Number of protein chains: 2
Amino acid sequence: MNGAQSLIRTLVDAGVDVCFSNPGTSEMHFVAALDSVPEMRGVLGLFEGGVTGAADGYARIADKPAATLLHLGPGLGNGLANLHNARRANSPIVNIVGDHATYHKKYDAPLESDIDALAGWLKGWVKRSETVAEVAVDAAAAVAAAQDAPGRIATLILPADASWGEGGETSSPVTPRAPKKVDEATVKAVADILKSGESVAVLIGGRACREEGLRAVSRISAATGAKSFVETFPSRLERGAGVPAIDRLGYLAEQVTYQLDGIKHLVIAGTRTPVSFFAYPGKPSDLVPEGAKVHVLAEVDEDMVGALTDLAELVAAGTEPVLQAESRPALPTGDLTPQNWVDVIGATLPENAIIADEANTSGLLLPTATAGAPRHDVLTLTGGAIGYGIPVATGAAVAAPDRPVLNLQSDGSALYTISTLWTQAHENLNVTTVILNNRAYAILRLELQRVGAEGSGPKAKALLDLSGPDMDFVKIAEGLGVPATRATTAEELAEQLAAAYAEPGPHLIDAIIPPLF
Amino acid sequence: MNGAQSLIRTLVDAGVDVCFSNPGTSEMHFVAALDSVPEMRGVLGLFEGGVTGAADGYARIADKPAATLLHLGPGLGNGLANLHNARRANSPIVNIVGDHATYHKKYDAPLESDIDALAGWLKGWVKRSETVAEVAVDAAAAVAAAQDAPGRIATLILPADASWGEGGETSSPVTPRAPKKVDEATVKAVADILKSGESVAVLIGGRACREEGLRAVSRISAATGAKSFVETFPSRLERGAGVPAIDRLGYLAEQVTYQLDGIKHLVIAGTRTPVSFFAYPGKPSDLVPEGAKVHVLAEVDEDMVGALTDLAELVAAGTEPVLQAESRPALPTGDLTPQNWVDVIGATLPENAIIADEANTSGLLLPTATAGAPRHDVLTLTGGAIGYGIPVATGAAVAAPDRPVLNLQSDGSALYTISTLWTQAHENLNVTTVILNNRAYAILRLELQRVGAEGSGPKAKALLDLSGPDMDFVKIAEGLGVPATRATTAEELAEQLAAAYAEPGPHLIDAIIPPLF
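Report follows, based on the coordinates.

What counts and what doesn't
- Residues numbered from 1 in each chain as written.
- Chains lettered and ligands numbered in written order.
- Predicted model: local features only at pLDDT ≥ 70, side-chain atom pairs only at ≥ 80, totals over all residues.
- Helix = DSSP H or I, 4+ residues; strand = E, 2+ residues; numbered from the N terminus.
- Expected span 1.5 Å × (residues − 1).
- Bend = angle between axes of the 7 residues up to and from the residue.
- Buried ≥ 20, exposed ≤ 12 C-beta atoms within 10 Å, placed from the backbone.
- Pairing = 2+ DSSP bridges.
- Axes fitted to C-alpha atoms, helices over the stretch in contact; angles between N-to-C directions.
- Contact = placed C-beta atoms within 7 Å.
- Least-squares fit on C-alpha atoms with pLDDT ≥ 70 in both.

All names here are of chain B. Compared with the 24 Å implied by 1.5 Å per residue over 17 residues, the 23 Å span of helix α4 (residues 72-88) between its first and last C-alpha is a close match. The largest bend in α4 amounts to roughly 50° and is located at L80. With respect to burial, α4 is a largely interior element, 17 of its 17 residues being buried. A positive backbone phi angle near 55° is found at N90, which sits one or two residues after α4.

Quick look at the structure:
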């Protein structure tokens with residue numbers, strides 16, 4: 001077999017059987033080899049940011065990596081922003097980046113560039129396979145590296161001659177590094193803090209945001225009175241009826257300051273201490289309240305769920321978690337507003353949904369409206385690089401074909417990776433996209449005020465305005481093969497959501513909602 | 001004034017008065033400062049690849065840099081592919097990349113990343129302004145660095161506190177490094193080769209592809225019988241009636257081998273020796289014919305036009321250049337084909353047009369069809385990173401508002417930066433986009449054969465297929481605010497082109513053309 005065949009066979013043997021792909025000439029042997037390994041599914045994306053974002057969404061739902069197939073340095077470059085988000089989500093991903101044949105690189109052909117430097121930017125695992133013999137060994141190592149706790153980006157650079165050369169052999173799967181167990185003394189010390197009677201908040205992230213971790217935290221809070229919070233941008237948060245409802249820390253520093261007001265101890269498990277998303281003149285970057293002491297129960301690469309469960313046994317034995325009751329908002333009526341659209345979502349959310357949330361400013365009221373809806377997963381914008389929603393929803397739908405995926409998508413962010421809608425149509429994925437069309441970079445209007453930028457005149461305002469011309473997302477979606485409708489009232493949105501959920505395949509709803517700011 | 005104000009004022013004083021922008025929170029003081037410097041025009045892009053590609057197109061036509069405004073590492077990441085093309089075009093560009101405030105970086109907030117590493121990938125000029133006082137000095141240096149011969153990418157990383165801090169002062173323009181003059185001995189040595197009677201080819205690139213250089217080369221060929229060629233992907237080629245017609249070297253190695261067959265000497269001016277775009281099993285990478293000797297008349301950072309003119313005086317005194325006669329193809333009729341659509345372009349091209357050519361496989365016959373059309377400039381895909389056409393056309397139209405811009409755009413490549421159509425509408429730019437809609441990555445079908453990839457089955461073919469669903473570029477364009485029509489016959493294409501050229505503002509024509517392969 002050639003290098004490409006050994007690579008794909010090794011990936012499949014290690015459990016990686018989806019490859020989100022945007023290939024070019026240097027990847028043609030990989031493409032040709034797909035037919036020799038029937039277990040590998042190739043999913044075509046029309047832009048690399050869609051490919052890498054899909055791999056992120058897939059990883060968050062499948063709990064294992066997909067591969068990506070990218071075309072040299074510019075292809076990886078186009079994929080970097082969503083790989084940045086994936087890095088912040090600790091999503092395991094295996095990038096296969098084609099490169100020129102080893103002997104061709106010295107000629108500095110037009111597409112030549114320092115791929116290793118770009119891959120290094122992701123601070124994960126990077127390896128270049130210089131020979132056919134290395135390819136499968138490196139591939140097995142890449143899959144393991146991607147899954148080393150807590151998960152990371154592994155990038156395998158594949159020269160064309162290592163791909164097309166004969167003499168490849170498959171390589172056996174390698175066991176990734178499991179999360180480290182937290183020692184008893186650490187758990188005991190945190191238990192003592194919780195029993196001290198002083199004001200404590202517990203902040204969780206990573207795997208602790210799934211049901212088992214949430215139940216442990218809920219028990220701890222119920223038994224000790226400690227406040228508990230989920231990190232601001234969890235990679236995947238389980239919530240809804242029957243799951244403990246733990247609030248997320250706010251995006252704005254002012255919200256966090258309010259949420260953590262008065263605490264003396266901050267216990268963190270599977271996350272880091274809260275910091276301001278951006279710096280603002282005269283405002284703090286570190287959001288740990290002054291005088292509060294930080295206690296690390298579990299680092300991000302440790303077994304945070306086990307540690308929280310052990311901690312619950314010490315401080316909350318016999319205490320049950322507080323489960324969210326089923327409760328939906330009433331269906332609102334009349335024109336859509338920043339306030340009422342979230343109630344339509346909460347009132348209609350189907351069972352077992354996945355929400356890919358890139359609603360940004362439009363979604364400030366969403367958590368309340370969906371708190372008592374049927375249980376669901378929420379995926380969030382972990383790295384702040386906008387344009388993540390459509391791709392992540394796409395990958396989530398590939399990972400969970402039987403679950404409805406709802407992508408709540410601000411208009412400004414949608415345009416970065418809009419072509420990914422075509423992949424949803426091409427693969428007939430069950431994704432319902434709701435464009436929150438406020439015709440502005442509304443978050444920047446807010447941020448322009450918050451950074452204290454004075455003298456904002458018409459030129460500044462024009463740079464945050466997406467009207468003139470207004471975008472018509474119905475036409476854009478239809479042009480990319482996704483059926484679409486427009487909603488201007490709550491009733492229309494509810495009706496169109498019901499229709500979209502009922503019919504297989506992708507749908508888009510262009511929801512016209514005035515900006516909050 | 002604050003740092004941002006000092007930056008913009010310094011840019012304008014140095015001649016940089018257009019800023020293609022996709023800002024975020026860390027750039028809000030820059031945005032606010034725009035109103036304090038009326039000479040600076042901010043042009044909003046909805047995706048960074050559109051912003052950087054527009055800056056490339058602007059530079060190629062304006063012969064001076066525009067600025068870009070990008071949001072931290074992910075924003076620069078999204079812009080890298082078209083900056084790669086700009087690097088290969090030697091286009092001068094000044095990137096302003098916002099970063100977190102200096103004191104905020106240590107908190108590793110979600111958008112934190114190693115911006116310097118990404119900027120370094122472009123192999124141009126990179127500087128981080130750590131204080132307000134540095135900002136204007138660095139900005140003046142950046143504008144000069146971008147224009148150092150032959151032109152390059154300069155990236156200024158701007159921490160938010162260096163932008164918002166007070167105490168900034170403007171800085172005077174700095175003179176860039178001019179092209180080095182080629183010494184007489186070098187010119188004389190090449191003249192001797194040309195007079196030797198042995199078979200010579202002259203290959204030109206860079207500024208030599210403008211009229212003055214083309215006239216010199218044409219005289220040299222006419223007087224000495226030397227073959228002459230333009231590099232395969234010139235950043236800007238002047239051609240058409242009244243300009244000497246010098247063929248470009250082909251994209252395929254086989255074409256180049258044919259073009260250079262039998263030569264004993266290859267003289268290069270402002271370009272490098274030809275290499276294969278990709279490596280192919282068993283085929284050469286270096287396309288200089290075996291036994292041929294290479295003579296460098298002018299390096300890319302030297303005055304290649306001056307050297308060619310001096311050379312022409314030595315070998316072709318009294319010889320006139322051979323100018324292309326005016327000659328248009330007849331207007332074809334019937335269904336559009338890969339063969340006839342180029343004749344429609346040639347038959348209808350308006351005076352003084354700029355063609356942004358990303359026609360790829362569909363455009364193989366274009367040079368012949370437009371050779372005798374009214375004089376025009378052709379901009380090409382210098383770096384091979386697809387998705388360049390729509391942005392480059394946009395920037396070219398900003399640089400030359402009075403010239404018609406024609407973007408010949410393959411469907412596959414269009415999707416990478418499609419949102420840039422909105423900027424054309426927002427700015428009412430005179431761009432006519434013709435989508436060459438063959439519903440396939442046709443070039444990859446060809447490449448799949450050329451790399452010798454065996455056993456291509458249905459999965460491989462599916463990854464190169466853009467049908468299912470077919471894309472409707474009329475709807476996509478209208479959704480982004482650009483009026484659009486569909487052409488399936490030559491008559492329709494001709495009629496729609498005439499209408500588009502006649503009416504100000506952008507237009508798109510979705511031309512349905514079967515694939516060549």
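In this section: the sheet that holds strand β14 (residues 405-410) of chain B. Residue and element names in this part refer to chain B. The seven strands are arranged β9-β13-β12-β14-β15-β17-β16 in an open sheet whose pairing can be described as mixed. Among the strands making up the open sheet, the edge pair consists of β9 (237-239) and β16 (484-487). On average, each strand axis in the sheet is tilted by 20° relative to the strand beside it, whichever way the strands run. Direction of pairing for β14 relative to strand β15 (residues 431-437): parallel, over a ladder of six bridges. Bridging across to β15, N407 finds its partner in T433. Each of β12 (353-358), β13 (376-379), β14 and β15 touches helix α14 (residues 389-399); the most contacted strand, β14, lies at about 175° to it.

With an RMSD of 0.0 Å, chain A superimposes on chain B once it is rotated by 180° and translated 0.0 Å along the axis. With respect to symmetry, the two chain copies, as superposed, fit the operation of a two-fold axis. Nearest to the rotation axis, the C-alpha of I476 of chain A is located 2.1 Å from it, this being the minimum over chain A. Comparing interface residues between copies, 100% of those in chain A also lie at the interface in chain B; the contact surface is shared.

Moving on to the pairing of strand β3 (residues 66-71) of chain B. Residues and elements named next belong to chain B. For β3, the buried fraction is high: six of the six residues fall into the buried class. With burial as the criterion, each face of β3 is covered, one bearing A66, T68 and L70 and the other bearing A67, L69 and H71. As judged from the three bridges shared by strand β1 (residues 18-21) and β3, these two strands associate in the parallel manner. Paired with F20 across the strands is T68, a residue of β3. As paired elements, β3 and strand β4 (residues 93-99) share six bridges and run parallel to each other.

These figures come from the coordinates and say nothing about function on their own.
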